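Structural features, examined
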Amino acid sequence: MLMFILRRLGVMMLTAFALTFIVFSLTNLQPNLEKLAKSEASVRMTDDQVVSWIANNGFDTPMISRYGQWLGVVPGWVKTMEDGEVRGRCIEKGADPAAAPVRCGLLQGDWGVSTVFKKPVSQILGRSLGQTGWLMLAVMLVMVPTALILGVLSGMREGSRTDRVLSTGAIITTATPEYVSGVIFIALFASATVGVSPLLVHLGLLGSPDALFGARKTLFMGTATSAMDHITFWNFALPVMTIALYGIGYIARMTRASMTEVMTAQYIRTARLKGVSFRQVVMKHALRNALIAPFTVIMLQFPWLLNGVVIVETLFNYKGFGWTLVQAATNNDIEMLLGCSVVAVFVVLVTQLISDVGYVFLNPRIRLA
Amino acid sequence: MDTLSWFQIIAAMAGRFLPVWVALVVTYTLSITFKRRLGLYGKLFDSPVGMIGFGVVMFWVFTAIFANWIITMDPLAQFSGSKNAVPGSALKAPDEGAYGYLLLGADHVARDVFSRMVMGSRVVLQIAPAATVFAFMVGITLGLPAGYFGGKLDTGLSFLANLVLAFPVILLFYLLVTPEIVKTGIPTWFAAILFVFPIVFFVILFNSRFFTNPAKRNLYVGAVLVIGIWAYSGLAFNLDPLGIWSMDPNLLNVFVSVVFVNSPGVFRIVRGMVMDIKTRDYVAAGQTRGEGPWYIMLWEILPNARGPLIVDFCLRIGYTTILLGTLGFFGLGVSPESPDWGSTIDDGRKLLSMVPHPALAPALALMSLVLGLNLLADGLREESLKD
């Protein structure tokens, strides 16, 4: 078991290095650097000026050495300008060059400075991850129990009417990407002109201070910007539902498949013949074995949730991790984008590891030396 | 002229889709009449789920084919005075003889939503199935030897596949699908690598089967090489002397990225199935007869893996459609004017809570296509498991 985890960790580290290097080299391509030079210094720079800007800011060293500097294993670049000023990766503007540290990179906790937000990357990442954390927590709380219950209910008696209805529902939700369900939800629940809200206003359930659903013009809010300060059911329900919906269908299908397989097993029949009630069989005998496979699926769902988070945060204007990633990518904010990718890669790899280890742990039939 | 009621709108739209209905009726009549002679495709018509799914998919396929007849207006034209017009509203000043109504309203720059949605199906159905086919070629060509030979080759290829799979898709798109990347020529190199696989696949396919009969082998392999290299030079490097095969650089970039994201998934499925099938007796029999490894892989193992692969193919076209929509939603890739569904949803979402129809129409279209593909895959799975 220990060897297995160690080997997995080794592969994981290798993957992490390979992925961050790919992201690093793609963000640091020459045209990107030229764009950065123009956006940072001046749009009307001549080609020569762009070249010298790139050189003066330490982007002219080989890619691999710059990657090392960014990681913090290679000493940061230091250059003496023509006017005698000493510049370097680790030297802050106006600070004494002699006092600056030799290396500054990820390992030293220095994630660089975002050019869009004008703040340290670590600070922005911390804040936006906090926001996304709340979103993910809500999504998980809605998604996992709903999906498991639906999956078990439909897998319990294969081919029954419940099963058919729930399976069709699961297929429909897996066919609805977040940007479609989000659009439909907003049109249905958060528009003052169409959908449910005008009807509720007409019925007097919405739109006046003493109405059942409050004084707002729409049932739910179409943006989640206000949820960043204060989460309420009305501003958070739509984004959470949008992300959860896709996952619910997928996990429910996996749970159903696993449940139907378990329900046809010999020991379930034995238990039934012994006279144990159907309820007891499901709760005591089947459930535990049926939940092993969905566990892996739920864990592997995280990378996809990351996608959902990016789409939903953009759609609902919720300034979390996904929104930050989109801002960094569209504005060519290299350091910020690198920071975001480190987080994303880390999340994906750790969930893969947990899913592998958890699977072995939960399933007594698998024993790895 | 007055605004149409919802009933009139639906009737008018159904009328515009007339060529599609005719084509669907013909397809279904022919297929159901001859279903016992059509193999797996015929069996599809025994399952109601499969039939519904196939119907929805074919509806969009025929819509894409007959799009020029179905549309009521030019999808790029702007009609002054009709900005954000509600569904069914009449044009302010229609030209003589032109269609007078905006069936599904107009968007924020007064373009016809209905015609854009219909034309969007053409963009999506041109890219998604082709990209999926290429992803399958790459996945199969690499997955077969990885599963069959195992060892170092398998370890290396699996590591690469997991590497791509571990990449968050949106991040990858943001890095790969930018105008700056097109400037560096990286997409061309990607295309140069990925587009080799179909040629390699078919050359090995025919060579392993007919190498005992050089005349036939030379004919098939030669034909593959001529057509393959001709298409390859045009698609990857835009160097086709006759100018038939060519691809817009932005489109090439989108295409290559989608293929790149999809192929590791196919690779994993093929590899897993090969590892399972290669322990069967008929493979051992082939090996004892002295058949070459590539013959066994391509002509013994691959046909026996076709069921799950066809099902996965349908699901994956749906997934590719979703990916293309994602790209459009973030304004990446194809030109901003393009009527593809993702970009149209992105255009419409800014005014979503005031005028939802410009975003809803393509959203529902995309959803129905993916749903149709998923149902079709379900039907195929059910039917292929029966024998």
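This text follows the structure it describes.
Residues numbered from 1 in each chain as written. Chains lettered and ligands numbered in written order. Predicted model: local features only at pLDDT ≥ 70, side-chain atom pairs only at ≥ 80, totals over all residues. Heavy atoms only, no water.

1. Overview of the overall build of chain B
Stated precisely, the cut-off is as follows: Numbering of helices and strands runs from the N terminus, with a helix taken as a DSSP run of H or I at least four residues long and a strand as a DSSP run of E at least two residues long. Within these notes, the globule rule equals 2.2 Å times the number of residues to the 0.38 power, and the radius of gyration is based on C-alpha atoms. Residue burial is assigned from relative accessible area. The probe radius is 1.4 Å, only protein chains are included, and a residue is buried under 20% of its type maximum, exposed over 50%, and partly exposed in between. The contact criterion used throughout is that any non-hydrogen atoms of two residues lie within 4.5 Å. Surface accessibility in these figures is a Shrake-Rupley result with a 1.4 Å probe; residues are shielded only by whichever protein chains are displayed. Positive charge is attributed to Lys and Arg, negative charge to Asp and Glu, and no charge count is given to His or to the chain ends. Note on charges: their place is set at NZ of Lys, CZ of Arg, CG of Asp or CD of Glu.
Helices and strands together make up the secondary structure of chain B, namely 18 helices and two strands. For 387 residues, the compact-globule estimate of 2.2 N^0.38 gives 21 Å, and chain B sits close to it at 24 Å. With the C-alpha coordinates of chain B rotated into their principal frame, the extents come out at 80 × 55 × 40 Å. In chain B, which comprises 387 residues, the proportion classed as buried is 55%. Within chain B, residue pairs in contact and separated by at least 24 positions form 73% of the contacts whose partners lie at least 6 positions apart. Put simply, chain B shows about 17100 Å² of open surface, and 67% of that area lies on carbon and sulfur atoms. A distance of 8 Å separates the average location of the 26 positive side-chain charges in chain B from that of its 24 negative side-chain charges.

2. As for the overall build of chain A
Per the secondary structure count, chain A includes 14 helices and two strands. At 27 Å, chain A has a C-alpha radius of gyration far larger than the 21 Å of a compact globule built from 369 residues. Dimensions of chain A along its principal axes, counting C-alpha atoms only, are 90 × 65 × 30 Å. Per-residue burial for chain A yields a buried fraction of 46% across its 369 residues. Residue pairs in contact within chain A that sit at least 24 positions apart in sequence constitute 64% of those at least 6 positions apart. Accessible surface, chain A as shown: approximately 18400 Å² in total, 64% of it carbon and sulfur. Within chain A, one finds 30 positive and 21 negative side-chain charges whose respective centroids are separated by 19 Å.

3. Examining a nonpolar patch on the surface
All names here are of chain B. Keep this limit in mind: Within the patch definition used here, like charges are joined within 9 Å and nonpolar side chains (Val, Leu, Ile, Met, Phe, Trp, Tyr) within 5 Å, considering only residues with over 30% relative accessible area and no salt bridge. A pair is scored as a salt bridge if a Lys or Arg side-chain nitrogen falls within 4 Å of a carboxyl oxygen belonging to Asp or Glu.
A grouping of Leu 18, Trp 21, Val 22, Val 26, Leu 30, Phe 34 and Leu 38 is seen on the molecular surface, where their side chains present a nonpolar patch of about 620 Å² in accessible area. With respect to the helices and strands, the residue Phe 34 is situated in the loop between helix 2 (18-33) and helix 3 (39-43). According to the relative accessible area criterion, Phe 34 is partly exposed, its value standing at 36%.

4. Section: the packing of helix 6 (residues 113-149) of chain B against helix 15 (residues 293-304) of chain B
Residue and element names in this part refer to chain B. What counts, and what does not: Every angle, taken between N-to-C directions, lies between 0 and 180 degrees, and every axis is a line fitted to C-alpha atoms, over only the stretch in contact when it is a helix. Roughly parallel refers to an angle under 35 degrees, roughly antiparallel to one over 145, roughly perpendicular to one between 65 and 115, and oblique to any angle outside these ranges. Nonpolar residues are Ala, Val, Leu, Ile, Met, Phe, Trp, Tyr, Cys and Pro. Charged residues are Asp, Glu, Lys and Arg, and all others, Gly as well, are polar.
Taken N-terminus to C-terminus, the directions of helix 6 and helix 15 make an angle of 110 degrees; their axes are 11 Å apart at the nearest point. Considered as vectors, helix 6 and helix 15 are oriented roughly perpendicular to each other. For the pair helix 6 and helix 15, contact is made by Ile 140, Thr 141, Leu 144, Pro 145, Tyr 148 and Phe 149 and by Pro 293, Trp 294, Ile 296, Met 297, Leu 298, Ile 301 and Leu 302, respectively. Residue composition of the contact of helix 6 with helix 15, by class: twelve nonpolar, one polar and no charged.

5. Focus: the packing of aromatic side chains
Heads up, the rule is: Only rings of Phe, Tyr and Trp enter the pairing, Trp through its six-membered ring, and a pair is recorded when the two centres are within 6.5 Å. The plane angle decides the type: under 30 degrees is stacked, over 60 is edge-to-face, the rest tilted. Geometrically, a lysine NZ or arginine CZ counts as sitting over a ring once it is within 6 Å of the ring centre and also within 35 degrees of the ring normal.
The final tally for this structure, using the stated rule, is 38 aromatic pairs over all chains. Ring centres of Phe134(B) and Phe195(B) lie 4.9 Å apart, and the angle between their planes is 50 degrees; this geometry places the pair in the tilted category. Taken as a pair, Phe134(B) in helix 6 and Phe195(B) in the loop between helix 10 (186-194) and helix 11 (196-210) lie far apart in primary sequence, 61 residues in all. Here the aromatic residues Phe17(B), Trp21(B), Phe59(B), Trp60(B), Phe114(B) and Trp341(B) are joined through ring pairs into a cluster of three or more. Lying across the ring of Phe278(A), Arg157(A) places its NZ or CZ 4.2 Å from the centre. Looking at Arg209(B), its charged tip hangs above the ring of Trp299(B), at a distance of 4.9 Å from the centre.

6. Section: helix 1 (residues 2-27) of chain A
So the rule is basically this: Helix span, expected: 1.5 Å multiplied by one less than the number of residues in the helix.
End to end, helix 1 of chain A covers 37 Å across 26 residues, agreeing with the expected 38 Å (1.5 Å per residue, within 8%). Those residues of helix 1 of chain A not exposed but buried are Phe4(A), Met12(A), Thr15(A), Leu19(A), Thr20(A), Val23(A), Phe24(A), Ser25(A), Leu26(A) and Thr27(A).

7. Overview of the environment of Asn317(A)
Residues and elements named next belong to chain A. Assignment of secondary structure puts Asn 317 in the loop between helix 12 (292-315) and helix 13 (321-330). The partly exposed category is assigned to Asn 317, whose relative accessible area is 31%. The spacing of Asn 317 and Gly 222 is 95 residues in sequence and 9.2 Å in space, taken between C-alpha atoms. Setting aside residues no more than four positions away along its own chain, Asn 317 makes contact with Ala 224, Thr 225, Val 312 and Trp 323.

8. Some words on the packing of helix 8 (residues 169-176) of chain B against helix 13 (residues 249-277) of chain B
All names here are of chain B. Test applied: By the definition used in this description, the sense in which the near helix is turned from the far one sets the handedness, with an anticlockwise turn below a right angle giving left-handed and a clockwise turn giving right-handed.
Here helix 8 crosses helix 13 at 150 degrees, and the two axes come no closer than 11 Å. With respect to each other, helix 8 and helix 13 are oriented roughly antiparallel. Judged by the twist between their axes, the crossing of helix 8 over helix 13 is right-handed. Here Val 169, Leu 172, Phe 173 and Leu 176 of helix 8 come into contact with helix 13, specifically with Asn 253, Ser 257, Val 258, Phe 260 and Val 261.

9. A look at the interface of chain A and chain B
Worth spelling out the cut-off: Here the quantity called buried area is the accessible surface, traced with a 1.4 Å probe, that two parts lose on coming together, added over both. Pairs of N or O atoms within 3.5 Å make up the polar contacts considered here, provided that, within protein, one atom can donate a hydrogen while the other can accept it, and that residues adjacent in sequence are counted only when both atoms are side-chain atoms.
With 48 residues of chain A at the interface, the matching set in chain B holds 41 residues. Taken together, the two surfaces of chain A and chain B that pack against each other cover about 3800 Å², and 81% of this comes from carbon and sulfur. When residues of chain A are sorted by the area they lose upon contact with chain B, Leu26(A), Tyr179(A) and Val183(A) head the list and together hold 16% of the total. Across the chain A-chain B interface, the total number found is one salt bridge. Linking Asp378(B) and Arg253(A) is a salt bridge whose minimum nitrogen-to-oxygen distance equals 3.0 Å. Counting across the chain A and chain B interface gives three residue pairs in polar contact (both at pLDDT 80 or more). For the side of chain A that touches chain B, the elements supplying multiple residues, two or more each, are helix 1, helix 2 (30-40), helix 6 (161-174), helix 7 (178-189), helix 12, helix 13 and helix 14 (334-362) of chain A. The element that contributes the greatest number of residues to the side of chain A that touches chain B is helix 1 of chain A, accounting for nine residues. When its residues are assigned to classes, the side of chain A that touches chain B shows 34 nonpolar, twelve polar and two charged.

10. Digging into the pattern of salt bridges
Using the criterion set out here, one finds 15 salt bridges over all chains in the structure. The partner of Asp163(A) in a salt bridge is Arg256(A), with the nearest N and O atoms 2.7 Å apart. Of the two residues, Asp163(A) is situated in helix 6 and Arg256(A) in helix 9 (residues 233-263); the sequence distance between them amounts to 93 residues. Judged by its relative accessible area of 3%, Asp163(A) falls in the buried class. On the basis of relative accessible area, Arg256(A) is assigned to the partly exposed category, the value being 22%. Salt-bridge contacts for Arg271(B) lead to Asp154(B); the nearest nitrogen and oxygen are separated by 2.6 Å. Residue Arg271(B) is found in helix 13, and its partner Asp154(B) is found in helix 7 (residues 151-166); the two are separated by 117 residues along the sequence. Each of Asp107(B), Arg111(B), Arg116(B) and Asp347(B) takes part in a single network of salt bridges with overlapping partners.

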